[in-house]
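Listed below, chain by chain, are the residues.
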Amino acid sequence: DKAPLSKSLLLVPSAISILLTLLFQHYQKFFAYNLQAVKEDFQIWRLVCGRTICLDLKDTFCSTLLIYNFRIFERRYGSRKFSSFLLGAWMLSAFFDLLLVEITQYVFGITINSLPSGFLGPVFALFVPFYSSIPRVQVTQVLGHFSITNKSLVYILGLQLLTSGSYIWILALSGLISGMCYNSSMLKVHRILCVPRWVAKIFSWTLEPVFSSAEPTNEVRVGMGATVDIQRQQRMELLDRQIMMSQVAQMRRQRQQQGGMINWNRLFPPLRHRHNANYQDHPSEQGIPPPTEVSEEQVARLMEMGFSRGDALEALRASNNDLNVATNFLLQH
């Protein structure tokens, strides 16, 4: 949903790769990433064909899974900005491919005539915004020391793709360099290598209706998580939040029956004021409980999700160091 370009990159190149591998093997030579033919015979068309379709099904599988995970950027930035990033990374990585091959030959004396084919440069370039802008949330720990996060599987897929060929490290390095160059605010590459607005409108009118998907209705929309994993985790915690809110409602009814109102300032002092600035309540100093000791590790986890240190400290103190309750409250307020 809301990622037609990612869906087209996932379906079309994969289908062509499977057809070339199983049925049309005699056409594979036209999609080989032959650098010698590009440099000596000026067959520039090989850059387009060789850097779009994978001829190895393992590379097709890994790159397809990575594109599926990176669709979050199209949802976040929009199809035009996402396609501009892919175009810029594709063009920059093509230049860095040739440059790195020449450097390898000059330094190590290794002549490289061909590289693994496929849409690999832009895929590796997407690791740059993935590392810098997607929050890291710990899921579990292995052997008590190794943390498993919501980003671990993507890095494992990237490592698998990196080790699938002899010279694929050149594509990975050129992709990472191109991603950093495109994201750099100093180089201003994104202002030069971008998809024109009129081209984006043409593709929006012609191809988007073909690859667009309807919004899923079988799942309840919960929260505004930065990744699908975080959104699913929020959905799984919906029942816990409902139980917590029902307990609060029950406490409110009990206090109303006793002639008083629940004192929200004792539960979430500054955060409640931030949510409703017009509400003022000044409890007596004798009614304020002593501050709870807060774990710095849990504060760091909340700060990694984008919350400020002050809000993280107050939420953890109010929730008695319950990370899930503190996260839920910060997301709702």
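Computed from a prediction, not measured in an experiment: that's the story for all the values here.

J.: Let's hear about the overall build of the protein: which residues, and what values?
T.: A count of helices and strands for the protein gives 20 helices and four strands. Out of the 333 residues in the protein, the part that is buried amounts to 38%. When contacts within the protein are restricted to residue pairs at least 6 apart in sequence, those whose partners lie at least 24 apart make up 68%. Accessible surface, the protein as shown: approximately 19,800 Å² in total, 61% of it carbon and sulfur.

J.: Go over the nonpolar core, please, and point to the residues and values.
T.: General note: in soluble globular proteins, nonpolar side chains tend to be found buried as a group. Among the nonpolar cores identified, the biggest contains 43 residues, and L66, F70, F73, L115 and L161 are the most heavily contacted of them. Counting residues per element, the ones that place at least two in this core are helix 2 (35-40), helix 4 (57-69), helix 5 (71-77), helix 6 (79-108), helix 7 (120-125), helix 8 (127-133), helix 9 (152-162) and helix 10 (168-183). Dropping the residues within four chain positions of it, F70 is found in contact with F82, V123, L126, F127, F130 and V154. Counting 11 residues, the second largest nonpolar core, distinct from the first, contains V294, V299, L302 and F307.

J.: Tell me about the environment of V12, and please be specific about residues and values.
T.: If you trace the backbone, V12 turns up in helix 1 (residues 4-22). Of the residues examined, V12 reaches a relative accessible area of 38% and is grouped as partly exposed. Sequence separation between V12 and I53 is 41 residues; the distance between their C-alpha atoms is 9.3 Å.

J.: Provide a residue-level description of the confidence of the model for the protein, including the pertinent values.
T.: Per-residue confidence for the protein gives a mean pLDDT of 78, with 74% of residues at or over 70. No element of the protein has a lower mean pLDDT than helix 16 (residues 264-267), which averages 45, and none a higher one than helix 7, which averages 94. Per-residue pLDDT stays below 50 along residues 219-226; that stretch engages in 16 contacts with residues further than four places along the chain or on separate chains. Every residue in residues 260-288 scores below 50 in pLDDT, and together they form 37 contacts with partners more than four places removed in sequence or on other chains.

J.: Outline the environment of L161, supporting the account with residue identities and numerical values.
T.: Considering the arrangement of structural elements, one finds L161 in helix 9. Sequence-distant contacts of L161, defined by excluding residues within four places in its chain, comprise D59, C62, L66, L120, V123, F124 and I168.

J.: Give a description of the pattern of salt bridges that names residues and reports values.
T.: Per the counting criterion, the structure on display carries five salt bridges. A salt bridge links K58 to D56; the shortest N-O distance between them is 3.2 Å.

J.: Explain the packing of helix 6 against helix 10 residue by residue, including any values.
T.: Two elements in contact, helix 6 and helix 10, have axes whose closest approach is 7 Å; the angle formed by their N-to-C orientations is 130 degrees. By the criterion of interaxial angle, the relationship of helix 6 to helix 10 is oblique. As for how helix 6 packs across helix 10, the hand of that crossing is right-handed. Contacts between helix 6 and helix 10 involve S84, F85, G88, A89, L92, S93, F96, D97, L100, V101 and T104 on the former and, on the latter, W169, I170, L171, L173, S174, G175, I177, S178, G179, C181, Y182 and N183.

The rules behind each value
Residues numbered from 1 in each chain as written. Predicted model: local features only at pLDDT ≥ 70, side-chain atom pairs only at ≥ 80, totals over all residues. Heavy atoms only, no water. Helix = DSSP H or I, 4+ residues; strand = E, 2+ residues; numbered from the N terminus. Buried < 20%, exposed > 50% of the residue type's maximum accessible area, 1.4 Å probe, protein only. Contact = heavy atoms within 4.5 Å. Areas by Shrake-Rupley, 256 points an atom, 1.4 Å probe, with all protein chains shown as cover. Core = buried A, V, L, I, M, F, W, Y, C linked by side-chain atoms within 4.5 Å. pLDDT = per-residue confidence, 0-100. Salt bridge = Lys/Arg side-chain N within 4 Å of Asp/Glu carboxyl O. Axes fitted to C-alpha atoms, helices over the stretch in contact; angles between N-to-C directions. Parallel < 35°, antiparallel > 145°, perpendicular 65-115°, else oblique. Left-handed = near helix turned anticlockwise from the far one by under 90°.

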